[in-house]
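These are the residues of each chain, in order.
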Amino acid sequence: VDLSVSWLGLAMANPLYNASGVMCRSVAELEQVRTSAAAAVITKSCTPQPRTGNPEPRYCATALGSINSMGLPNAGYPYYLDYARSYPYAAGKPLFLSLSGMTLQENLDMLSDLAAAQLPCLPEVNLSCPNLPGKPQLGYDFQACHEALTQMARVYHGPFGVKLPPYFDPVHFARMAAVLNAFPALRFVTCINSIGNGLVIDVDRESVVIKPKDGLGGLGGSYVLPTALANVREFYRLLPGKHVVGCGGINSGREAFMHILAGATAVQIGTCLYEEGEGAFARILDELRALMAHKGYQRLDDFRGKLKTL
Ligand SMILES: O=C(O)c1[nH]c(=O)[nH]c(=O)c1I
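Residues numbered from 1 in each chain as written. Predicted model: local features only at pLDDT ≥ 70, side-chain atom pairs only at ≥ 80, totals over all residues. Heavy atoms only, no water.

(A) Representation of the sheet that holds strand β14 (residues 216–220) in the model. Taken together, four strands build an open sheet; the order of strands is β5-β6-β14-β11 and the sheet is antiparallel. Lying at the two open borders of the sheet, with one neighbouring strand each, are β5 (59–62) and β11 (195–199). Neighbour to neighbour, the strand axes of the sheet diverge by 40° on average, direction disregarded. Alignment of β5 against strand β6 (residues 65–68), held across four bridges, turns out to be antiparallel. Bridging from a neighbouring strand, Ala61 pairs with Ser66 of β6. (Pairing = 2+ DSSP bridges. Helix = DSSP H or I, 4+ residues; strand = E, 2+ residues; numbered from the N terminus. Axes fitted to C-alpha atoms, helices over the stretch in contact; angles between N-to-C directions.)

So, in structure tokens, the structure goes:
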């Protein structure tokens, strides 16, 4: 069984890597991912300056997934650019840099600096952080997205991608696809970011479980799998020539298989990686390999995007 993926001029030994935000804020964490069975690495979404983020507790795992309102804690763009400068690209694991400026200008500043650095890493621009109090997320404002992407494509001419929030309405899928299809250099979309502003309640304490936003936070893990799969399949159909990276609810080879069946080129692991540690990558790969062997598939292209309808 061959799990390899080749896309954007990159060759990955397998389709798995971390979701931005998990095991990727410090160099130590990034190196944990890079030296694991993961085939790529992505950094924590960053801002030009370091941020401490929201007050704790700001993450909580449940039997069904996770809730977080981290508040964009990160070491600052220069820290991740420095990592990207010394990153061992020749070892064959691509590096993605997640950018999440608090303003469009911050994204433009980081992108133009990254362009000047002429490094092999690829930007994944985060249009979807749901946890910045008072900040409506860009991903739900289609006009603002179009304007932002127009300016980003002016300062950054290489291939780039965006991290999208979940959409829940066919009209929204169509409108966002129309925006994204206007940008040829936008080569991939990562679907999905957490389902924003859920509320987890602890019955024993009769309390919320995270401090920020009176308990509201982005949902991840099994809670979001069907929504993640829907977004992957819809954008796989609506964005001809672009790649979709699947993210959301992958706990085993089965969910990884589902995301790829729905059209994903590669897949990111978030909550499961946070809870299990980097051993999750090898486990999920073994499970995916066994599932493919059982079904008689030799490579990912044998079933990618071939989800049947009734
Ligand atoms: O709160 C966060 O740091 C965070 N949390 C998420 O669930 N998604 C995001 O894109 C971000 I930037």
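(B) Just the site of the ligand, in detail. In the vicinity of the ligand, the contacting residues are Lys44, Asn68, Met70, Gly71, Leu72, Pro73, Asn126, Cys129, Pro130, Asn131, Asn193 and Ser194. Residue Asn193 places a side-chain N or O atom 2.8 Å away from a nitrogen atom belonging to the ligand. Alone, the ligand offers 330 Å² of accessible surface; in the complex the protein occludes 92% of this. The residue inventory of the shell around the ligand, partitioned by class, reads five nonpolar, six polar and one charged. (Near = heavy atom within 4 Å. Polar contact = N/O pair within 3.5 Å; in protein donor to acceptor, adjacent residues only side chain to side chain. Areas by Shrake-Rupley, 256 points an atom, 1.4 Å probe, with all protein chains shown as cover. Nonpolar A, V, L, I, M, F, W, Y, C, P; charged D, E, K, R; others polar.)

(C) Representation of the confidence of the model for the protein within the structure. This prediction gives the protein a mean pLDDT of 97; 100% of its residues lie at or above 70. Our summary of model confidence lists the complex with pTM equal to 0.98 and ipTM equal to 0.99. (pLDDT = per-residue confidence, 0-100.)

(D) Structural detail: the pattern of salt bridges. All told, the structure shown has 10 salt bridges when counted by the stated rule. Between Arg205 and Asp202 there is a salt bridge, with its nearest N and O atoms 2.8 Å apart. Of the charged contacts, one joins Arg283 and Glu276 as a salt bridge, the two residues approaching to 2.6 Å between their closest N and O atoms. If you follow the salt bridges from partner to partner, you end up with Arg233, Glu234 and Arg237 in one network. (Salt bridge = Lys/Arg side-chain N within 4 Å of Asp/Glu carboxyl O.)

(E) Geometry of the pairing of strand β16 (residues 266–269). Neither face of β16 is left uncovered, since the one carrying Ala266 and Gln268 and the one carrying Val267 and Ile269 both have all their residues buried. Pairing analysis gives three bridges linking strand β3 (residues 16–18) to β16, with the strands arranged parallel. Bridging across to β16, Tyr17 finds its partner in Gln268. Here strand β15 (residues 243–247) runs beside β16; their pairing, made up of three bridges, is parallel. Within the sheet, the bridge partner assigned to Gly246 lies in β16 and is Val267. (Buried < 20%, exposed > 50% of the residue type's maximum accessible area, 1.4 Å probe, protein only.)

(F) Representation of the state of the cysteines. For the coordinates displayed, the defined rule picks out zero disulfides. With no disulfide of its own, Cys145 lies closest to Cys191 among cysteine sulfurs, the gap being 12 Å. For Cys145, a relative accessible area of 1% corresponds to the buried category. In this structure Cys247 is a free cysteine whose sulfur lies 9.4 Å from that of Cys191, the closest cysteine sulfur available. Exposure remark for Cys247: the relative accessible area of 7% places this residue in the buried category. (Disulfide = S-S within 2.5 Å.)

(G) Here's a closer look at the packing of aromatic side chains. Under the definition given, this model contains 16 aromatic pairs. Ring centres of Phe96 and Phe188 lie 5.7 Å apart, and the angle between their planes is 75°; this geometry places the pair in the edge-to-face category. One end of the pair, Phe96, is in strand β7 (residues 95–99); the other, Phe188, is in strand β10 (residues 186–191), with 92 residues separating them in the sequence. The pair formed by Phe96 and Phe188 is uniform in burial state, with each residue classed as buried. The structure contains a cluster of three or more aromatic residues connected by ring pairs, namely Tyr140, Phe142, Tyr167, Phe173 and Phe235. (Phe/Tyr/Trp six-rings, centres within 6.5 Å; stacked < 30°, edge-to-face > 60°.)

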